[in-house]
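Listed here are the chains, written in short residue letters.
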There are 2 protein chains.
Amino acid sequence: MRISELSSRSGVPVATIKYYLREGLLHAGERTSATQARYDDSHVERLRLVRALVDVAGLTIQRVRQILSVVDAPPPSMSDLLHLTVDPDDSTDTPLASSLVDRLGWQIPDGLGALGDLERGLEGIAASGIDFSQAHIEQIAGAVDRVSEIEIDSVPTESGAAAVAYSVIGTELVAPIILALRRVAHARHAYARFGDEPTDASSA
Amino acid sequence: MRISELSSRSGVPVATIKYYLREGLLHAGERTSATQARYDDSHVERLRLVRALVDVAGLTIQRVRQILSVVDAPPPSMSDLLHLTVDPDDSTDTPLASSLVDRLGWQIPDGLGALGDLERGLEGIAASGIDFSQAHIEQIAGAVDRVSEIEIDSVPTESGAAAVAYSVIGTELVAPIILALRRVAHARHAYARFGDEPTDASSA
């Protein structure tokens, strides 16, 4: 198909498709003349994935490119993939995060990138003036641990490429679902706890 | 204290403080002359909270203003607060989210704003081309439900204002912690499952 049909089938404007081609997020079509190229279903699929990562997961183009480069040239094993998220030379100090992980008894590699994010999150809570106890955060961590365990248990093992795509894309696309489910469940438990009936219960 | 000392104590530049004052994120100081005002500890605390919401939770200034207006003029009860997240006239179609909530057997009010976010997240997964089964998402939802239950159980009940501040600010500031903990726990379970030792285990 031509770029105009690729645009109408994917719902992505032609100008955006050209931008993705330039940025390397979309593989080139098959050249049919100096100014035209032919695209196929693989382009439609890739555009859907890029839009999901940009629009739903809210990632930057740079981050999407990073993710797709891992998906397109997957490391030979899941453990190699895990090492991509570790910088053994990373000496950034993460006292709050490291202390939490120690108290939880979690065995993790040194230099794990997510520890820095955890540190910033814990600093934010400390700065907020709201009293979140350590015990409370540990309880939350225990429940989040179960979420992660379910996710890792479902990683397909038939092929390294499938495992990598599932893990890398799943980490990004499931995150907004987890946060939305959390807020839906907040409402459910808050109504239960604070004794209020839904304004218009839809019990059939 | 003067604005210069407020800046050095909070670590927020004077120009940013003035911006927050104009935008209504920070209450005015006590005027001491036509061009000067005096600030106190309440301004330092508020600035820390605003920075945490902007830098850690990644919220827009508009969203921070919205949150602070609820914290500063809390609704009379938690159930009133919950109703703020519900638009009973919202007829947006959320077929994927509503079907998931039905299968989970969760009782929630109609028009819950988070349902729209859940719908977009589920659409993103559907568009990604990665095969996430319904059963898998339901399992994740069950574990996320436990996170939310722990959070709601810890809402303080001494005063409505404390409960509102805790809920509204906690929803935003705990979200990045949950996502970071999830990724730390991914590494822990992936290493366990894929039989790889941490590159440099820090077991003391």
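Predicted, not measured: the structure shown is a model, and the values here were computed from it.

Asks: Explain the overall build of chain A to me, using residue names and the numbers behind them.
Replies: What chain A contains, in helices and strands, is nine helices and two strands. Starting at the N terminus and ending at the C terminus, chain A contains elements arranged as α-α-β-β-α-α-α-α-α-α-α. Across its three principal axes, chain A shows a C-alpha extent of roughly 65 × 55 × 35 Å. Across the 204 residues of chain A, 48% fall into the buried class. Total accessible area on chain A stands at roughly 9,800 Å², and carbon and sulfur atoms take up 48% of it.

Asks: Explain the interface of chain A and chain B to me, and be specific about the residues and the numbers.
Replies: Each partner contributes residues to the interface: chain A has 82 residues there, and chain B has 82 residues. Each partner contributes to the roughly 8,100 Å² buried at the junction of chain A and chain B, and carbon and sulfur atoms together form 73% of this total. Across the salt bridge formed by Arg188 of chain B and Asp145 of chain A, the nearest N and O atoms sit 3.0 Å from each other. Summed over the shared surface of chain A and chain B, the result is 20 residue pairs in polar contact (both at pLDDT 80 or more). Secondary-structure elements contributing two or more residues to the side of chain A that touches chain B are α3 (41–56), α5 (78–84), α6 (95–104), α7 (113–128), α8 (134–153) and α9 (160–193) of chain A. In the side of chain A that touches chain B, the residues fall into 46 nonpolar, 20 polar and 16 charged.

Asks: Requested: an account of the side chain of Ser128 of chain B, with residues and values cited.
Replies: If you trace the backbone, Ser128 of chain B turns up in helix α7 (residues 113–128). A residue is classified by how much of its surface remains accessible, and Ser128 of chain B, at 7% relative accessible area, is buried. Other than its neighbours up to four places away in sequence, Ser128 of chain B contacts Leu49, Ile169 and Leu173 of chain A.

Asks: Break down the packing of aromatic side chains for me, with residues and values.
Replies: Inspection of every chain in the model, using the stated rule, returns four aromatic pairs over all chains. Look at Tyr19 of chain A and Tyr20 of chain A: their rings are 6.0 Å apart centre to centre, the planes differ by 45°, and that puts the pair in the tilted class.

Asks: Residue-level account of the nonpolar core, with values.
Replies: Counting 61 residues, the largest nonpolar core has Tyr20 and Val184 of chain A together with Leu118 of chain B as its most contacted members. Top element by residues in this core is α9 of chain A. It accounts for 15 residues. Discounting chain neighbours no more than four positions away, the residues touching Leu118 of chain B are Ile177, Ala180, Leu181 and Val184 of chain A together with Ala97, Leu100 and Val101 of chain B.

Asks: Talk me through helix α9 (residues 160–193) of chain B; I want residue IDs and the actual numbers.
Replies: At Gly170 of chain B, α9 of chain B shows its maximal kink, close to 40°. In terms of residue burial, α9 of chain B counts as a mostly covered element, since 25 of its 34 residues are buried.

Asks: Provide a residue-level description of the environment of Pro95 of chain A, including the pertinent values.
Replies: You can see Pro95 of chain A is positioned in helix α6. Considered as a pair, Pro95 of chain A and Lys18 of chain A are 77 residues apart in the sequence and their alpha carbons are 45 Å apart.

Asks: Go over the pattern of salt bridges, please, and point to the residues and values.
Replies: Residue and element names in this part refer to chain A. For the structure on display, the rule yields 24 salt bridges over all chains. With a closest N to O distance of 2.6 Å, Arg120 and Asp117 form a salt bridge. One end of the pair, Arg120, and the other, Asp117, are both in helix α7, three residues apart, so they sit about a helical turn from each other. Assessed through its relative accessible area of 46%, Arg120 is described here as partly exposed.

Asks: Residues and numbers for the confidence of the model for chain A, please.
Replies: Residues and elements named next belong to chain A. With 90% of its residues at a pLDDT of 70 or more, chain A shows a mean pLDDT of 87. When the criterion is pLDDT under 50, residues 197–204 qualifies, and its contacts beyond four places in sequence or with other chains add up to 10 contacts. Confidence estimates for the predicted assembly give a pTM of 0.86 and an ipTM of 0.86.

Asks: Before we move on, could you go through the relation of the copies chain A and chain B and cite the residues and values that matter?
Replies: Structural alignment of chain A on chain B gives an RMSD of 0.0 Å, achieved by rotating through 180° and translating 0.0 Å along the axis. The relationship between the two copies is best expressed as a two-fold rotation axis. Within chain A, Ala143 of chain A has its C-alpha nearest the rotation axis, a separation of 3.2 Å. Most of the interface of chain A is mirrored in chain B, where 100% of its interface residues are also at the interface.

What counts, and where the lines are drawn
Residues numbered from 1 in each chain as written. Chains lettered and ligands numbered in written order. Predicted model: local features only at pLDDT ≥ 70, side-chain atom pairs only at ≥ 80, totals over all residues. Heavy atoms only, no water. Helix = DSSP H or I, 4+ residues; strand = E, 2+ residues; numbered from the N terminus. Buried < 20%, exposed > 50% of the residue type's maximum accessible area, 1.4 Å probe, protein only. Areas by Shrake-Rupley, 256 points an atom, 1.4 Å probe, with all protein chains shown as cover. Contact = heavy atoms within 4.5 Å. Buried area = accessible area lost by both parts, 1.4 Å probe. Salt bridge = Lys/Arg side-chain N within 4 Å of Asp/Glu carboxyl O. Polar contact = N/O pair within 3.5 Å; in protein donor to acceptor, adjacent residues only side chain to side chain. Nonpolar A, V, L, I, M, F, W, Y, C, P; charged D, E, K, R; others polar. Phe/Tyr/Trp six-rings, centres within 6.5 Å; stacked < 30°, edge-to-face > 60°. Core = buried A, V, L, I, M, F, W, Y, C linked by side-chain atoms within 4.5 Å. Bend = angle between axes of the 7 residues up to and from the residue. pLDDT = per-residue confidence, 0-100. Least-squares fit on C-alpha atoms with pLDDT ≥ 70 in both.

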